[in-house]
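Here are the chains, one letter per residue:
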Amino acid sequence: MDKARLGTRLGAVALPLWTEPRLGGLIGGTPAMLHLFELIERFAASDATVLIQGETGTGKELVATAIHTLSHRASKQLISLNCAALHEHLVESELFGHVRGAFTGASSDRVGVFEEADGGTLFLDEIGELPLGLQPKLLRALEQREIRRIGELEYRAFDARVVAATKRDIPRMVGEEKFRDDLFFRLAQVTLHLPPLRERGNADITFLADLFLARVAEARGCSLRFDESAYAKLTAHSWPGNVRELG
């Protein structure tokens, strides 16, 4: 795609801006979002581990999906695991799998998400919620590119690109000894920061609002639009739930 060489910067490296107001499921036309889209496309071409940081509702899973879709792994699966949605004692089994009889209730062998994502992309959502005791095992898996199922002696190699996401301030957690610094550095080979909606500007707020309203109108088979007072209220709101709240 021919992209206009509009000036923006990442440190001392000049980068172009994406020229379309969307990338996959991500939507936005302000410079911050267009710059993000350009970075996503560039980083998708590598196998570097990516850490996506952003508030709730900013679209972290959509970024992970875009990275996978634009990568050479797109023909394989994108497997997701929400580290906050599982009981602490189940996370290790979900990550690495287990063999029959490894623990009470393990009635059969189970493949973990690393093996399930082999050849594709593994998205570890809410990585900031990963129990501290499991972090060394995840670090070893990322460094050695192999895992061991619970109850098994042999290690198994895997080939999956890992993308992680968090709403937590991981550097602060590292300082508080709630997250391992070596794991943080391993995960953050590439870091993408998603701006909250309130920082994206009124243009993105109204653009998204019009888009969501058009979807409602189409579903109802009618015509709907916001008046100026509605736009004023939309742009005055702080949107703590970000795009998820607006939609």
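Before reading further, recall that the structure is shown in the block above.
A brief report on the enclosed structure follows. (Residues numbered from 1 in each chain as written. Predicted model: local features only at pLDDT ≥ 70, side-chain atom pairs only at ≥ 80, totals over all residues. Heavy atoms only, no water.)

**Structural notes on helix H5 (residues 135-144)**
So, step 1. Of all the positions in H5, only Gln135, Leu138, Leu139, Ala141 and Leu142 are classed as buried. Buried residues of H5, seen end-on, are gathered within an arc of 160° and therefore sit on one face of the element.
So, step 2. Here the buried face of H5 lies against helix H3 (88-96), helix H4 (113-116), strand E9 (121-125), strand E10 (146-147), strand E12 (161-166) and helix H7 (181-187).
So, step 3. Note on H5: the residue one or two positions beyond its end, Arg145, has a positive phi of about 60°. (Buried < 20%, exposed > 50% of the residue type's maximum accessible area, 1.4 Å probe, protein only. Helix = DSSP H or I, 4+ residues; strand = E, 2+ residues; numbered from the N terminus. Arc of directions from axis to C-beta. Contact = heavy atoms within 4.5 Å.)

**Concerning the packing of aromatic side chains**
So, step 1. For the structure shown, the criterion picks out four aromatic pairs.
So, step 2. Aromatic side chains Phe184 and Phe185 sit 5.5 Å apart centroid to centroid with 45° between the ring planes, which places their arrangement in the tilted category.
So, step 3. The class for Phe184 is buried, based on a relative accessible area of 15%.
So, step 4. The structure contains a cluster of three or more aromatic residues connected by ring pairs, namely Phe96, Phe114 and Phe158.
So, step 5. Positioned over the ring face of Tyr155 is Arg140, at 4.0 Å from the centre of the ring. (Phe/Tyr/Trp six-rings, centres within 6.5 Å; stacked < 30°, edge-to-face > 60°. Lys NZ or Arg CZ within 6 Å of the ring centre and 35° of its normal.)

**Things to note about the nonpolar core**
So, step 1. By size, the foremost hydrophobic cluster in this structure holds 31 residues, and its most contacted members are Leu95, Phe114, Leu124, Ile127 and Leu130.
So, step 2. Here the element with the most residues in this core is H5; it accounts for four residues.
So, step 3. In contact with Ile127, other than residues within four places in its own chain, are Leu51, Cys83, Leu138, Ala164, Ala165, Thr166, Phe179 and Leu187.
So, step 4. In terms of nonpolar packing, the next biggest core, distinct from the first, is built from 24 residues, Leu26, Ala66, Ile67 and Leu194 among them. (Core = buried A, V, L, I, M, F, W, Y, C linked by side-chain atoms within 4.5 Å.)

**Details of the pattern of salt bridges**
Should their charged atoms come close, side chains of opposite charge can pair.
So, step 1. This structure, assessed with the given rule, holds 17 salt bridges.
So, step 2. We note a salt bridge from Asp159 to Arg73, for which the minimum N-O separation is 2.7 Å. With Asp159 in the loop between strand E11 (156-157) and E12 and Arg73 in the loop between helix H2 (60-69) and strand E6 (78-82), this pair connects stretches of sequence that are 86 residues apart.
So, step 3. Residues Glu115 and Arg149 are paired through a salt bridge, measuring 2.8 Å at the closest nitrogen-oxygen approach. Here Glu115 is found in helix H4, whereas its partner Arg149 is found in the loop between E10 and E11, with 34 residues between them in sequence.
So, step 4. With relative accessibility at 9%, the residue Arg149 sits in the buried group.
So, step 5. Here the residues in one salt-bridge network are Glu115, Arg149, Glu152 and Arg156, joined through shared partners. (Salt bridge = Lys/Arg side-chain N within 4 Å of Asp/Glu carboxyl O.)

**What about the environment of Asp182?**
So, step 1. Looking at the secondary structure, you find Asp182 in helix H7.
So, step 2. We classify Asp182 as partly exposed; its relative accessible area is 27%.
So, step 3. The spacing of Asp182 and Pro136 is 46 residues in sequence and 8.9 Å in space, taken between C-alpha atoms.
So, step 4. Within the structure, the side chain of Asp182 is placed 2.7 Å from the side chain of Arg180, a separation counted as a polar contact. (Polar contact = N/O pair within 3.5 Å; in protein donor to acceptor, adjacent residues only side chain to side chain.)

**Observations regarding the environment of Arg180**
So, step 1. With respect to the helices and strands, the residue Arg180 is situated in the loop between helix H6 (170-175) and H7.
So, step 2. Expressed as a C-alpha distance, the spacing of Arg180 and Ala236, which sit 56 residues apart in the sequence, is 39 Å.
So, step 3. For Arg180, the contacting residues outside a window of four places in its chain are Leu132, Gln135, Pro136, Leu139 and Val174.

**A word on unusual backbone geometry**
So, step 1. Its identity is not glycine, yet Glu177 carries a phi of approximately 60°, on the positive side.
So, step 2. Locating Glu177 in the fold gives a position in the loop between H6 and H7.
So, step 3. Even without a glycine there, the phi angle at Trp239 is positive, about 50°.
So, step 4. Among the structural elements, Trp239 can be located in the loop between helix H9 (228-236) and helix H10 (242-246).

**Looking at the packing of helix H8 (residues 202-220) against H9**
So, step 1. The N-to-C vectors of H8 and H9 enclose an angle of 120°; their axes lie 9 Å apart at closest approach. When the interaxial angle is binned, H8 and H9 end up oblique. Like other packed secondary-structure pairs, H8 and H9 cross with a definite hand, here right-handed. Seen from H8, the contacting residues are Asn202, Ile205, Thr206, Ala209 and Asp210; seen from H9, they are Tyr231, Leu234 and Thr235. (Axes fitted to C-alpha atoms, helices over the stretch in contact; angles between N-to-C directions. Parallel < 35°, antiparallel > 145°, perpendicular 65-115°, else oblique. Left-handed = near helix turned anticlockwise from the far one by under 90°.)

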